[in-house]
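Structural overview for review
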Amino acid sequence: MKNKTCFGCSGIGAYMPKFLVFSAYAVITVAAFSLSGCIREKTKKIVGFSQTENIGPWRIAETNSIKEEAAKRKKTYDFLMTDAQGQTSKQFADIEDLIARQVDVIFLAPREYEGLTPALEAARAAKIPVFLIDREAAGRPGEHFVSFLGSDFIAQGRRVGEWLAKATDGKASIVELTGTAGSSVAIDRAKGFRNAIAIYPNMKIIATQTADFSRAAAQRVMENIIQAKGSDITAVYAHNDEMALGAIQALKSAGMKPGKDVMVGSIDGQKAALEAIIRGELGVSVESNPRFGSLVFATMEEYFAGKKIPPRIILKDRLFDVTNAKDFIDEAY
């Protein structure tokens, strides 16, 4: 019985041979020493980035911008990135994982406006500052997150509406292709556009449907709307360039001429959109700058330096149409 191992009431070493007790003690001691040594040697802050997904030119450009900026600062920061793959539930879990990994700050591109509040609360409880990038989330700046960095989505939608009103002399039957349901960007771009066309009684939205910011989805959705509405359609407002490009393909497949039979306007300012403007197929694209890397790292560093951070940091966006698309094509993503 003396050599029998027992993990019962008398403790782990009650019946262990002395050399096993010593071995276990040595392993635990070494592990503890190694762990404490690792903690003592930590000299870099850990930056966590929760990306909503990493597909499409705009989102990829945003990811690359932040990764490139992190690489420039690799002597100062370690960088961890997660990809929610377009799922709010996964993004919630991703944020919890970043918290568990004891990051010092979280950059968050929220998939939806609602749904991430408990994750933000968890980050707040762990005293981890959060910076919202490109989309907003429910909560109060200075409490649930430090600041929102992004574009004025309402202004973007308004500018497309104003351009379309001028291009159509205030008369249009419009198909609206919306972005991710429940996202702040989709809500605000719809609001801004409606505000702009509200003063034109002959500008009407005759169909609204989500295509989730996807070119392929937009093409399918637009094909269905063309079957239902046909020649009634005289304009398309897409919440991003990818959906506009999908709609253009659907119009062409139906024998309709984008830019002539149907005016098309969108938001983002990606290279393929500027090329479509030059071809005469897309009328306008309001810029939504995806290059957040330098701005968000600089803002984070000001925060850690004790400087006061404004609750909203809004990027200035340009408008691209036939008058200037060629001038900016080389710098577009």
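These lines cover the structure that appears in this document, whether it is placed above or below. (Residues numbered from 1 in each chain as written. Predicted model: local features only at pLDDT ≥ 70, side-chain atom pairs only at ≥ 80, totals over all residues. Heavy atoms only, no water.)

1. Quick notes on the packing of aromatic side chains
Here is the rule we go by: Each Phe, Tyr or Trp ring, with Trp reduced to its six-membered ring, pairs with another whose centre is within 6.5 Å; inter-plane angles below 30 degrees give stacked pairs, above 60 give edge-to-face pairs, and intermediate values give tilted ones. Think of it in three bands: with a 1.4 Å probe and only protein chains considered, a residue is buried below 20% of the maximum accessible area for its type, exposed above 50%, and partly exposed in between. Throughout this description, the term charge over a ring refers to an Arg CZ or Lys NZ atom that lies within 6 Å of the ring centre and within 35 degrees of the ring normal.
This structure, assessed with the given rule, holds nine aromatic pairs. Residues F148 and F153 carry aromatic rings whose centres are separated by 6.2 Å and whose planes lie at 65° to one another, so their mutual orientation is edge-to-face. Of the two residues examined, F148 and F153, each falls in the buried class. Consider the rings of Y303 and F304, whose centres lie 5.6 Å apart with planes at 65°: the pair is edge-to-face. Residue class for Y303 comes out partly exposed when judged on its relative accessible area of 33%. Taking the relative accessible area as the measure of exposure, F304 reaches 31% and is therefore partly exposed. An aromatic cluster is defined as three or more aromatic residues linked by ring pairs; in this entry it consists of Y77, F107, F131, F297, Y303 and F304. Between the NZ or CZ atom of K45 and the centre of the ring of F304, over which it lies, the distance is 4.4 Å.

2. Some thoughts on the sheet that holds strand β10 (residues 284-287)
For the record, the criterion: Think of it this way: DSSP has to see at least two bridges between two strands before they count as a pair. Going along the chain from the N terminus, every DSSP run of H or I of four or more residues is numbered as a helix, and every run of E of two or more is numbered as a strand. When checking whether two residues touch, look at their non-hydrogen atoms; a contact exists if any pair is within 4.5 Å. To get an axis, fit a line to the C-alpha atoms, keeping to the stretch in contact for a helix; angles then go from 0 to 180 degrees between the N-to-C directions.
Reading across the sheet, the six strands line up as β7-β6-β8-β9-β10-β12 and stay open at both edges, with mixed pairing between neighbours. Looking at which strands have only one partner, the edges of the open sheet turn out to be β7 (202-210) and β12 (319-320). Pairing between strand β6 (residues 171-178) and strand β8 (residues 235-238): four bridges, direction parallel. Considered in β8, the bridge of V175 is made with V236. Relative to strand β9 (residues 263-268), helix α8 (residues 241-253) is tilted by about 155°, and along the sheet it contacts β6, β8, β9 and β10.

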